[in-house]
Amino acid sequence: MLLAAGRGKRMRPLTDHTPKPLLHVQGRPLLEWPLAALARQGCTEVLINTGWLGAQIPARLGRQWRADATLPVTTLHYSEEEADFGHALETAGGIVRALPRLQDIFWLAAGDVYAPDFVFDRAAMARFAASDALAHLWLVPNPPHHPEGDFALAPDGRLHATPRPDSPLPRYTYSTIGLFRAALFTAPYCTLLPGNPQGTEAPLAPVLRAAMADGRITGELHTGRWTDVGTPERLAALNAQVCG
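Keep in mind it's a predicted model, so treat the numbers as computed, not measured. (Residues numbered from 1 in each chain as written. Predicted model: local features only at pLDDT ≥ 70, side-chain atom pairs only at ≥ 80, totals over all residues. Heavy atoms only, no water.)

J.: Explain the nonpolar core to me, using residue names and the numbers behind them.
T.: Among the nonpolar cores identified, the biggest contains 35 residues, and Leu108, Leu137, Phe180, Leu184, Phe185, Leu208 and Ile217 are the most heavily contacted of them. Of all the elements in the fold, those that place two or more residues in this core are α4 (90–98), β7 (105–110), β9 (135–140), β10 (151–153), β12 (171–181) and α6 (205–213). Setting aside chain neighbours within four positions, we find Leu208 in contact with Ala135, Leu137, Phe151, Phe180, Leu184 and Ile217. Listed in part, the 34 residues of the second largest apolar core include Leu35, Ile57, Phe118 and Trp138. (Core = buried A, V, L, I, M, F, W, Y, C linked by side-chain atoms within 4.5 Å. Buried < 20%, exposed > 50% of the residue type's maximum accessible area, 1.4 Å probe, protein only. Helix = DSSP H or I, 4+ residues; strand = E, 2+ residues; numbered from the N terminus. Contact = heavy atoms within 4.5 Å.)

J.: Outline helix α1 (residues 32–40), listing residues and values.
T.: Counting buried positions over the 9 residues of α1 gives 8, a clear majority of the element. Listing the buried residues of α1 in full gives Glu32, Trp33, Pro34, Leu35, Ala36, Ala37, Leu38 and Ala39.

J.: Just give me the short version of the environment of Leu235, but keep the residues and values in it.
T.: Mapped onto the fold, Leu235 is located in helix α7 (residues 232–240). On the basis of relative accessibility, which here comes to 8%, the residue Leu235 falls in the buried class. With sequence-adjacent residues up to four places away left out, Leu235 is seen in contact with Met11, Leu14, Leu23, His24, Val25 and Val229.

J.: Describe the packing of aromatic side chains, with residues and values.
T.: One pass over the structure, following the stated rule, counts 8 aromatic pairs. Here Phe118 and Trp138 contribute two aromatic rings whose centre-to-centre distance is 5.2 Å and whose plane-to-plane angle is 85 degrees, an arrangement assigned as edge-to-face. On the criterion of sequence distance, the pair formed by Phe118 in the loop between β8 (113–114) and α5 (122–130) and Trp138 in strand β9 is long-range, its members being 20 residues apart. Across the pair, exposure class does not vary: Phe118 and Trp138 are buried alike. Among the aromatic residues, ring-to-ring pairing joins Trp107, Phe118, Phe120 and Trp138 into one connected group. Looking at Arg7, its charged tip hangs above the ring of Trp52, at a distance of 3.8 Å from the centre. Between Arg181 and the ring centre of Phe128, over which it is positioned, the NZ or CZ distance is 4.7 Å. (Phe/Tyr/Trp six-rings, centres within 6.5 Å; stacked < 30°, edge-to-face > 60°. Lys NZ or Arg CZ within 6 Å of the ring centre and 35° of its normal.)

J.: I'd like a description of the pairing of strand β6 (residues 74–80), backed by residues and values.
T.: Burial runs high along β6: 5 of the 7 residues are buried. In the sheet, strand β4 (residues 45–50) pairs with β6 via 6 bridges, with the strands oriented parallel. Within β6, the residue paired with Val46 across the bridge is Leu76. In this sheet, β6 lies alongside strand β5 (residues 64–65) in antiparallel orientation, the contact comprising 2 bridges. Directly across from Gln64, in β6, lies its bridge partner Thr75. (Pairing = 2+ DSSP bridges.)

J.: Break down the side chain of Thr218 for me, with residues and values.
T.: Structurally, the position occupied by Thr218 is in strand β13 (residues 217–221). When near neighbours in sequence (up to four residues on either side) are disregarded, Thr218 contacts Ala133, Ala135, His136, Leu137, Gly157, Arg158 and Leu159.

What follows is the structure in structure tokens.
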């Protein structure tokens, strides 16, 4: 599942007429970077949730998408939150809405993050499937705009939301890329109705923190290129770099 429903307020005026996942980075829409990376690993069924100006995304990408002749065709499915409810559902709300159409274990990535070195590794999925974790998150070194990080990473790979103040565990930023089990989005961690028929807005962080308290969230550090394309300045800086 690729997340593409956000309003992108910090990217205005660029997002006044274009959804942020369709803004171009290094010559292609942001959303096409994770789509191509998934296709390289044989992940050719992808669900995209849409919100603000959401009709532009299927109009641009279609239902059958292919990066180039070296990659297989990807079938795209859409969860059209704005069309269904008049607003986006936030991350957990959008996932629960899409959950009946997802497999029990699925990749989740944000469609507005640039991570060209990330590999959606089948071996990582197999390790996750064999574990007791409800989610496995990739973390990144804290960027300048988020120096405090999100979660602490323990030596055993478990993530902690609020370690003791004197904890020596390093804190990192959630990359918005991870592997998830459908069970995370059921009680006791998530109380939304199955399929979120009411269109309830709900963030992901409280769900993750509740499962972390039970030791059910793991993670690892991604050290490749990664940018949260959250402002026009970051977008311009990326596009000023030599493509590679």
